[in-house]
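# An overview of the molecular structure
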Number of protein chains: 2
Amino acid sequence: MKNKVKAECRMLTLRKTARFLKKHDNYIILTHASPDGDTLGSAYALYYGLKEIGKTACVICPDIIPKKYDYFARSTDHVAGAGATVVAVDVADTKLLGALKDEFSGIVDLNIDHHISNMRYAKNLYLDADASSTAELIYELLIQMKVNINDTTARALYTGIATDTGCFKYSNVNAKTHLITAELYEYDLNAAEINRKMFDTKSHALIELEKMVLDTAEFHFDNRCMLLTVTAEMQEKTGCSGTELEGIAVISRSVEGVEAGITIKQTDDNEYKVSLRTYPPLDASLICKKLGGGGHKGAAGASVVGTIEDVKAKVLTAVKEVMEEADAGSDTSK
Amino acid sequence: MKNKVKAECRMLTLRKTARFLKKHDNYIILTHASPDGDTLGSAYALYYGLKEIGKTACVICPDIIPKKYDYFARSTDHVAGAGATVVAVDVADTKLLGALKDEFSGIVDLNIDHHISNMRYAKNLYLDADASSTAELIYELLIQMKVNINDTTARALYTGIATDTGCFKYSNVNAKTHLITAELYEYDLNAAEINRKMFDTKSHALIELEKMVLDTAEFHFDNRCMLLTVTAEMQEKTGCSGTELEGIAVISRSVEGVEAGITIKQTDDNEYKVSLRTYPPLDASLICKKLGGGGHKGAAGASVVGTIEDVKAKVLTAVKEVMEEADAGSDTSK
């Protein structure tokens, strides 16, 4: 099985990936659906880099690119599908190609990614799971290719790194992340303005929704667990939905003493999306597995069917079980 | 006048400051009142550095040190006042020494600071207003002194830099900030845990207060201005006060399109503290000057007496005036 995967998906080194990019032409660069700063920053930095060395290239995103990225994301030329070189950046799984899945999933020539969960679907893969972001890898590729980096490219790269590290806050940051960022400061970056857009700007609708959601806050298990509810009514009333709601899950873990933050978002009459954020030693993926979902240690999710009371009870039971296991595990007297 | 200032306060270079620190002994290191991560991180990093080279030293803070800093801030030895070398770190003005002002304001031997507004009250001053934080300067001093940096010192320095840069978000960050931080990652930093404590943890009481405050939100001047009110009743009801309320002012500027965020906090029956946060080209200090206060371009404050309606009207008038001046200034057709 291992050999089969190897035969299908060739693992490239940094140097080989740079050589691949220099050798081919007519690039179609794909981002993942519900695009974030890393997939977009990586795609556009690669696009500008390839244009610099005379290649034909375009960026295709499965969804509309949010306006806030317009300081680096612009509409690009069209590249004909026939004979094109297809590169997917920050796309760990073909499922994440969304609306582009059917057209492209079987024909990705190169995949550049930093997710350890990468599904190895492309013909060639440059994967570095130690990198904070795919943008970090694109920076190293551009340096390896000796491509000129301009101010816009630097802004795109900075956006990718800042997005995936929560502006240098998370545990995926290391010395290299800061060294690369120091290099990017040599350009006209205007990082403070980028960070303001990415991290410190909320829509009126979101502020309104956050107020409603905070009113639903419940605390369980000696305040070690906070539970927030986002009903369909709240989403309708405020017009807030989709990626705008991502910040809510972060709030659920931001209260002193809370180890498990649960957000239950209504997606249909009797259907709820559960988002879980935990701090060590609690493993969010273990909890969500019990609910038929999955994810990472610190962030996981699941879709649960039932009334809101059913869903709450199911989630709280799962949290309690894993919490008790974690407590028992850390009890050194046993 | 310039000569007089020079005669009273000797400006030191990095090298001379390092020499000063190596030459003297029996250090009393002072932080500013309402201590934050930069004054504490700087004081303790300097303390650990001086201990490493065999000096006697202690840290004195005018207020109780918040518990969240206990990963580097520990109780230190006592140093007798007579014959002591007094060093104030991150203290721009003797007023900021709070309860220690009377005892120490005339006898500060060395002041290490990064505030351009520094009042030059000490006998010797090492000032670098381009540095993101005083902690950045302490790092450079320890390197210059060839002092061994340990994990706790690195954590203290990281805390100082992260605090004053909003975790690398603000415009005071430059390439050097990231280069120094990369060096700190060579130690057992646990930066993600530090950042969680510093930036992502709110008390239950604060969450409660934020909900109440968001309910008071008013928008003015085509939504370019947001006004939040914190009444004495809210503070009593939640038990939230003092430095815990600092985050509220940040919220006031976080809404899309808002250029001026106003927070009006009741301090007495007919007295209110106005906190203002603005984005360029609006100058918060100009607005607060009209109210008898002052501050920086992006953040300023004033105390205003009157009923809440009076205070709101005064503040909004001042904002409107400065907003109109800024609009006229940016109108290139004139």
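Residues numbered from 1 in each chain as written. Chains lettered and ligands numbered in written order. Predicted model: local features only at pLDDT ≥ 70, side-chain atom pairs only at ≥ 80, totals over all residues. Heavy atoms only, no water.

## Digging into the overall build of chain A
Going by this rule: Runs of E in the DSSP output that reach at least two residues are strands. Runs of H or I that reach at least four are helices, and both are numbered from the N terminus. Residue exposure (1.4 Å probe, protein chains only): buried if accessible area is under 20% of the type maximum, exposed if over 50%, otherwise partly exposed. Contact between two residues is taken to exist if any of their heavy atoms lie within 4.5 Å; hydrogens are not considered. Areas reported as accessible are Shrake-Rupley estimates using a 1.4 Å probe. Residue values count occlusion only from the protein chains shown.
Helix and strand content of chain A: 13 helices and 12 strands. Counting only C-alpha atoms and orienting by the principal axes, one finds that chain A spans roughly 60 × 50 × 40 Å. Expressed as a percentage of the 334 residues in chain A, the buried residues total 53%. Residue pairs in contact within chain A that sit at least 24 positions apart in sequence constitute 64% of those at least 6 positions apart. Accessible surface, chain A: about 15100 Å² in total, of which carbon and sulfur atoms supply 49%.

## Points about the state of the cysteines
Inclusion rule: Cysteine sulfurs are considered disulfide-paired once they come within 2.5 Å of each other.
Inspection of every chain in the model, using the stated rule, returns zero disulfides over all chains. Cysteine C240(A) shares no disulfide, and the gap to the nearest cysteine sulfur, in C61(A), comes to 20 Å. The exposure class assigned to C240(A) is buried, which follows from its relative accessible area of 0%. You can see C167(B) has no disulfide; the closest cysteine sulfur is in C167(A), sitting 6.4 Å from it.

## A few points about the sheet that holds strand β4 (residues 85-89) of chain B
All names here are of chain B. Selection criterion: The pairing criterion for strands is at least two bridges between them, as found by DSSP. A fitted line through C-alpha atoms serves as each axis, taken over the contacting stretch for helices, and the angle formed by two N-to-C directions is quoted from 0 to 180°.
Strand order in this open sheet of six strands is β1-β6-β5-β4-β2-β3, and the pairing throughout is parallel. With partners counted over all chains shown, the strands left at the sheet margins are β1 (10-11) and β3 (57-60), one partner each. Packing of helix α2 (residues 14-23) onto the sheet brings it into contact with β2 (27-30), β4, β5 (110-113) and β6 (124-127), and relative to β5 it is tilted by some 135°. Where helix α5 (residues 134-144) meets the sheet, it contacts β4, β5 and β6, and its direction lies at approximately 115° from that of β5.

## Looking at the sheet that holds strand β2 (residues 27-30) of chain A
What holds strands together in a sheet is hydrogen bonding between their backbones, with the strands either parallel or antiparallel. All names here are of chain A. Strand order across the open sheet formed by six strands is β1-β6-β5-β4-β2-β3, with parallel pairing between neighbours. One side of each edge strand has no neighbouring strand; the edge strands of this open sheet are β1 (10-11) and β3 (57-60). Of the pairings in the sheet, the one linking strand β5 (residues 110-113) to strand β6 (residues 124-127) comprises four bridges and is parallel in character. Paired with D113 across the two strands is L127, which belongs to β6. Across the sheet, helix α2 (residues 14-23) is in contact with β2, β4 (85-89), β5 and β6; its angle to β5 comes to roughly 135°.

## Remarks on the relation of the copies chain A and chain B
Where we set the bar: To line up the copies, we fit them by least squares on C-alpha atoms, keeping just the residues with pLDDT of at least 70 in both.
Screw-axis analysis of chain A against chain B gives a translation of 0.0 Å along the axis, an RMSD of 0.1 Å, and a rotation angle of 180°. What the superposition gives is, in effect, a two-fold axis relating one chain to the other. Minimal C-alpha distance to the rotation axis in chain A is attained by H178(A), lying at 2.6 Å. When the interface residues of chain A are mapped onto chain B, 100% of them again lie at the interface, so the same face is used by both copies.

## Here's the deal with the side chain of N111(B)
Residues and elements named next belong to chain B. To keep things clear, this is the line we draw: Each polar contact in these results corresponds to two N or O atoms within 3.5 Å; when the atoms are within protein, one needs to be able to donate a hydrogen and the other to accept it, and residues that are neighboring in sequence are counted only if both atoms are side-chain atoms.
Here N111 shows up in strand β5. Classification of N111 by relative accessible area gives buried; the value is 0%. A polar contact is formed between the side chain of N111 and the side chain of Y121, at a distance of 3.4 Å. Among residues more than four places away in sequence, those in contact with N111 are A88, V91, N118, Y121, A122, N124, L125 and Y126.

## What about the pattern of salt bridges?
Put simply, the rule is: For salt bridges, the criterion is a side-chain nitrogen of Lys or Arg within 4 Å of an Asp or Glu carboxyl oxygen.
A complete count under the given rule lists 29 salt bridges over all chains for this structure. The partner of D109(A) in a salt bridge is K123(A), and the shortest N-O contact between them spans 3.1 Å. Remark: K123(A) occurs in the loop between β5 and β6 and D109(A) occurs in the loop between α4 (101-104) and β5; sequence separation between them is 14 residues. Judged by its relative accessible area of 15%, D109(A) falls in the buried class. Look at K123(A) and you get partly exposed, because its relative accessible area is 41%. Two residues, R224(B) and E259(B), come together in a salt bridge whose shortest N-O distance is 2.9 Å. Here R224(B) is found in the loop between β7 (218-220) and β8 (225-230), whereas its partner E259(B) is found in the loop between α11 (246-251) and β9 (260-268), with 35 residues between them in sequence. Because the salt bridges share partners, they merge into one network encompassing E208(A), K211(A) and D215(B).

## With respect to the domain arrangement of chain A
The cut-off we apply is this: Boundaries of every domain are those given by an automatic assignment or by a domain database.
The domain architecture assigned to chain A consists of domain 1 (10-199) and domain 2 (204-332). Between domain 1 of chain A and domain 2 of chain A, the C-alpha centre-to-centre distance is 31 Å.

## Overview of the nonpolar core
For clarity, the cut-off: The definition of a nonpolar core used throughout is a set of buried Ala, Val, Leu, Ile, Met, Phe, Trp, Tyr and Cys residues joined through side-chain atoms within 4.5 Å.
Judged by nonpolar contacts, the single largest core of 106 residues is most densely connected at I112(A), Y158(A), I112(B) and Y158(B). Each residue touching Y158(A), except ones within four places of it in the same chain, is listed here: C167(A), F168(A), T181(A), L184(A), Y185(A), L189(A), A191(A), I194(A), N195(A) and F168(B).

## Brief notes about the packing of aromatic side chains
Worth spelling out the cut-off: In this scheme Phe, Tyr and Trp rings, the latter by its six-membered ring, pair at centre separations within 6.5 Å, and the angle between planes marks the pair as stacked below 30 degrees, edge-to-face above 60, and tilted otherwise.
Evaluation of the coordinates by the stated rule reveals 17 aromatic pairs over all chains. Ring centres of Y44(A) and F72(A) lie 5.9 Å apart, and the angle between their planes is 65°; this geometry places the pair in the edge-to-face category. Residue Y44(A) is found in helix α3 (residues 37-52), and its partner F72(A) is found in the loop between β3 and β4; the two are separated by 28 residues along the sequence. Just as Y44(A) is buried, F72(A) falls in that class too. Where Y158(B) meets F168(B), the ring centres are 6.1 Å apart and the plane angle is 50°; that geometry is what we call tilted. Residue Y158(B) is located in helix α6 (residues 151-165), and its partner F168(B) is located in the loop between α6 and α7 (175-184); the two are separated by 10 residues in the primary sequence.

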